[in-house]
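As a plain string of letters, each chain reads:
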There are 2 protein chains.
Amino acid sequence: MNLQQLRYVQEIARRGLNVSEAAESLHTSQPGISKQIRQLEAELGIEIFVRHGKRLVEVTEPGRQVLAIAARLLGDLDNLRQVGREFSDKTKGRLAIATTHTQARYTLPTAIQAFIAAYPGVELSLHQGNPSQICEMVLRGEADMAIATEAIADHADLLTLPCYRWNRVVVAPLGHPLLAASRLTLEDLADWPIVTYDAAFAGRSRIDHAFQARGLAPRVVLSAADSDVIKTYVRMGLGLGIVAEMAYDPVQDADLGVLDAAHLFETSVTSIGLRRNAWLRSYVYAFIEGFAPHLTRAVVERTLVGGGSAFDI
Amino acid sequence: MNLQQLRYVQEIARRGLNVSEAAESLHTSQPGISKQIRQLEAELGIEIFVRHGKRLVEVTEPGRQVLAIAARLLGDLDNLRQVGREFSDKTKGRLAIATTHTQARYTLPTAIQAFIAAYPGVELSLHQGNPSQICEMVLRGEADMAIATEAIADHADLLTLPCYRWNRVVVAPLGHPLLAASRLTLEDLADWPIVTYDAAFAGRSRIDHAFQARGLAPRVVLSAADSDVIKTYVRMGLGLGIVAEMAYDPVQDADLGVLDAAHLFETSVTSIGLRRNAWLRSYVYAFIEGFAPHLTRAVVERTLVGGGSAFDI
DNA sequence: ATTTCTTACGATCACCGTAACAATA
DNA sequence: TATTGTTACGGTGATCGTAAGAAAT
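Residues numbered from 1 in each chain as written. Chains lettered and ligands numbered in written order. Predicted model: local features only at pLDDT ≥ 70, side-chain atom pairs only at ≥ 80, totals over all residues. Heavy atoms only, no water.

Trainee: What's the story with the relation of the copies chain A and chain B in this structure? I'm lost.
Mentor: Note that the two copies of the chain are related through a rotation about an axis and a translation along the same axis. Least-squares fitting of chain A to chain B yields an RMSD of 0.1 Å, with the transformation described by 0.1 Å of translation along the axis and a rotation of 179 degrees. Taken together, the rotation angle and the small translation identify this as a two-fold axis. With an isologous cut-off of 70% or more, the 100% of interface residues of chain A that recur at the interface of chain B puts this contact in the isologous class. (Least-squares fit on C-alpha atoms with pLDDT ≥ 70 in both. Contact = heavy atoms within 4.5 Å.)

Structure (structure tokens):
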């Protein structure tokens, strides 16, 4: 049994049981992988993959167990490298954050600005995607943390650190009749065409849920992954926008009217997602605390070792 | 970086930083280990050990981190082997239980009898030791579980599953004046010579603590690791025995008088200790549930993934 | 003086890549 | 027929053990 074999198994699973693809992505030969897999199976005394003739078509039950353990083991291998980097130079390194547009554009900038000032030697990179892509990036080790609303807690292999609560606002072109309303209701909203987030994003499900609970069927004329895209189409008069409250900027969005909608929808919580059992470099703790001051190093460490995800903010 | 290097690092640390000893215990050459360690240190860019000239004298701070991660990683390697064994034959295998004399002699027998009847293909072995030795055995992978009172929760790398509560009884030769007392007090006990457990064992600390809280200094004339040894010396008239209630057998110990002492000492809890992140074979779950029926597979699994140790019994 | 780690060197063995083959869709 | 995994084989390179050397107690 060796590490290479475990990498091979993992990559085959990730590539949809295609050994040739796995070989290519690992820059090695396909027969080499094939042989190592048979060897691993022989040593463990189990079949990891179900074969139809010469084709891998499924992961066996023991194979699933092996994959789960191998993932953690290879994660620890990565942790060892992090320890090396941390102690060879605490000020140099990389920090990859996987997040959604709304976070990247509206909530992260101040934390990031402070971070790059404090850690000029750290190469920071932002990777955008929808919540499930973001989680994948962290699980694959491509990103150090995920920052998103929802979807993180769904992954059993990710640890959830709640950061802050937020709700939505309605934006409309200045002069829109709705802006005169004293207190906004869902029924008011349902009268107008709506522009809001894509299904996969930022608590769109909360919006749908609120309308459904009242038996209303809002007419969503456009959905987007991106608060700025939504506001652009609202400016064009396509409809009312429902966006995260962070996404309304009083200065830049002065040409849009805004109405609080916090009483209409359930609160959402934005969280940081970390790989379970991850070993974090000191500047990662610093970044997290900069973004959510209650997430001190001690709190995060306790959650990492405890494995628990349940605490309130 | 490879698995061998991590095994080497771990073994060197276990053998008190003696590379030669580590080489012998791993059945390999000392220069081979030495070279691999330097190679690992070079790859990680850190020193794992502090050297005085050519001698390893200490583990560095990054070294401690590496050791902790390597332990979990190698544990996962063992988990992979367990998966292999489980699925190649669910009925065959080994179960190593590390425990104290009192558990082995008085609380485990019925669970063990049921287990060997249900799993005749499983080789069961009991390894006795004091609580801290027991924990070590589990951490080193020599035993699958520890069963003991106290000391398990002290190890951060062990998971604690509380099994049952118990307290102590006082035993004395028949005819001993104390046996006539209506209700036993600590002051009564302090008047007589006492035989009880060794400091490392079975809640001896609770006994000392109770006396101290009352300003009493009991005269412990003999302390032993073993309830049977204690009873033997009580039979010889050496003093009063304070033993776990499980250790008094109404039939075999008919020649001894017994007094309940539950109101004098704090309750103790006997727990099972498991390696964190361990992957357990199905018969291990079965054994645990046989010993402590509230510890069903579902409960134990939840605790293993959650990493938490805090639940009540 | 003895124990202990490091360096040097040589042999073995495992791994990897190329090529040919077999089986599936 | 094209794609994909297995078997066969040969070369490279890493690992390991022996032997000699250096530094510490």
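Trainee: Can you help me understand the protein's contact with DNA strand C in this one?
Mentor: Around DNA strand C, a shell composed of 24 residues is seen, among which Thr28 of chain A together with Gln30, Ser34, Arg38 and Lys54 of chain B lie nearest. Atoms of DNA strand C within 4 Å of the protein belong to the sugar or the phosphate in 70% of instances, the rest to bases. One of the side-chain N or O atoms of Gln39 of chain A is found 3.3 Å from a phosphate oxygen in DNA strand C. Measuring from a phosphate oxygen of DNA strand C, one finds a backbone N or O atom of Leu17 of chain B at 3.4 Å. Of all elements in the fold, only α1 (3–14) and α3 (30–44) of chain A together with α2 (19–25) and α3 (30–44) of chain B reach the threshold of two or more residues within the surface near DNA strand C. Sorting elements by how many residues they give to the surface near DNA strand C places α3 of chain B first, with four residues. Of the residues contributing to the surface near DNA strand C, the split by class is five nonpolar, 13 polar and six charged. (Near = heavy atom within 4 Å. Polar contact = N/O pair within 3.5 Å; in protein donor to acceptor, adjacent residues only side chain to side chain. Helix = DSSP H or I, 4+ residues; strand = E, 2+ residues; numbered from the N terminus. Nonpolar A, V, L, I, M, F, W, Y, C, P; charged D, E, K, R; others polar.)

Trainee: When you look at the pattern of salt bridges in this model, what are you seeing that I'm missing?
Mentor: Taken as a whole and judged by the stated rule, the model has 33 salt bridges over all chains. In this structure, the salt-bridge partner of Glu123 of chain A is Arg94 of chain A, at a minimum N-O distance of 3.7 Å. Pair noted here: Glu123 of chain A is in strand β4 (residues 122–128) and Arg94 of chain A is in strand β3 (residues 93–99), with a separation of 29 residues, a long-range link. Taking the shortest distance from any N to any O, the salt bridge between Glu11 of chain B and Arg15 of chain B comes out at 2.8 Å. Given a relative accessible area of 32%, Arg15 of chain B falls into the partly exposed group. (Salt bridge = Lys/Arg side-chain N within 4 Å of Asp/Glu carboxyl O. Buried < 20%, exposed > 50% of the residue type's maximum accessible area, 1.4 Å probe, protein only.)

Trainee: Looking at this structure, I do not really get unusual backbone geometry. What am I missing?
Mentor: As a rule of thumb, non-glycine residues mostly have phi less than zero, and peptide bonds are mostly trans rather than cis. Residue and element names in this part refer to chain B. With a phi close to 55 degrees, His27 is a non-glycine residue in the positive phi region. Inspection of the secondary structure puts His27 in the loop between α2 and α3. Residue classification places His27 among the exposed positions, given a relative accessible area of 74%. Non-glycine residue Asn277 carries a positive phi angle of around 70 degrees. Within the fold, Asn277 resides in the loop between β12 (268–275) and α10 (282–291). Judged by relative accessible area, which is 15%, Asn277 ranks as buried.

Trainee: It is not clear to me how the protein's contact with DNA strand D should be interpreted in this structure. Could you clarify?
Mentor: Around DNA strand D, a shell composed of 23 residues is seen, among which Gln30, Ser34, Arg38 and Lys54 of chain A together with Thr28 of chain B lie nearest. By atom count, sugar and phosphate contribute 70% of the portion of DNA strand D lying within 4 Å of the protein. Within the side chain of Arg38 of chain A, one N or O atom sits 2.6 Å away from a phosphate oxygen of DNA strand D. Among the elements of the structure, α2 (19–25) and α3 of chain A together with α1 (3–14) and α3 of chain B are those that each provide at least two residues to the surface near DNA strand D. Among the elements that make up the surface near DNA strand D, the one with the highest residue count is α3 of chain A (four residues). When grouped by side-chain class, the residues that make up the surface near DNA strand D number five nonpolar, 12 polar and six charged.

Trainee: What is the right way to look at the interface of chain A and chain B in this model?
Mentor: As a measure of interface size, the accessible area lost when the parts come together is often cited. The interface is formed by 32 residues belonging to chain A together with 32 residues belonging to chain B. Between chain A and chain B the total buried area reaches about 2,500 Å² when both faces are included, carbon and sulfur atoms providing 71% of it. Contact with chain B buries area across many residues of chain A, yet Met1, Ile69 and Leu80 of chain A alone supply 23% of it, more than any other trio. Summed over the shared surface of chain A and chain B, the result is two salt bridges. With a shortest N-O distance of 2.5 Å, Asp76 of chain B and Arg72 of chain A are connected by a salt bridge. Counting across the chain A and chain B interface gives six residue pairs in polar contact (both at pLDDT 80 or more). Of all the elements, helix α4 (residues 61–88) of chain A adds the most residues to the side of chain A that touches chain B, at 18 residues. (Buried area = accessible area lost by both parts, 1.4 Å probe.)

Trainee: Quick question: what am I supposed to make of the sheet that holds strand β12 (residues 268–275) of chain A here?
Mentor: Sheet strands pair via backbone hydrogen bonds, and the direction of the pair is either parallel or antiparallel. Residues and elements named next belong to chain A. Pairing in this open sheet of five strands is mixed, and the strands run β4-β3-β5-β12-β6 from one edge to the other. Only two strands of the sheet have a single partner each, and these edge strands are β4 and β6 (158–166). Taking each pair of neighbouring strands and ignoring which way they run, the sheet shows an average axis angle of 20 degrees. Judged from the three bridges that link them, β3 and strand β5 (residues 145–149) form a sheet pairing that is parallel. Residue pairing in the sheet places Thr99 in a bridge with Ile147 of β5. Helix α6 (residues 131–139) contacts β3, β4, β5, β6 and β12 of the sheet and is inclined by roughly 160 degrees relative to β5. (Pairing = 2+ DSSP bridges. Axes fitted to C-alpha atoms, helices over the stretch in contact; angles between N-to-C directions.)

Trainee: Which parts of the structure should I look at to understand the packing of aromatic side chains?
Mentor: All names here are of chain A. This structure, assessed with the given rule, holds 12 aromatic pairs over all chains. Arranged with centres 5.0 Å apart and planes meeting at 25 degrees, the rings of Phe115 and Tyr119 form a pair that is stacked. Phe115 sits in the buried class, given a relative accessible area of 3%. Among the aromatic residues, those joined into a ring-pair cluster are Phe115, Tyr119, Tyr283 and Phe287. The ring of Phe87 carries Lys90 above its face, with NZ or CZ at 4.3 Å from the centroid. (Phe/Tyr/Trp six-rings, centres within 6.5 Å; stacked < 30°, edge-to-face > 60°. Lys NZ or Arg CZ within 6 Å of the ring centre and 35° of its normal.)

Trainee: Which parts of the structure should I look at to understand helix α6 (residues 131–139) of chain B?
Mentor: Residues and elements named next belong to chain B. By the burial criterion, the buried members of α6 are Pro131, Ile134, Cys135, Met137 and Val138. Taken around the axis of α6, the buried residues stretch over an arc of 155 degrees, which confines them to a single face. Its buried side turned inward, α6 meets β3 (93–99), β4 (122–128), β5 (145–149), β6 (158–166) and β12. Immediately downstream of α6, the backbone of Gly141 shows phi near 80 degrees, a positive value. (Arc of directions from axis to C-beta.)

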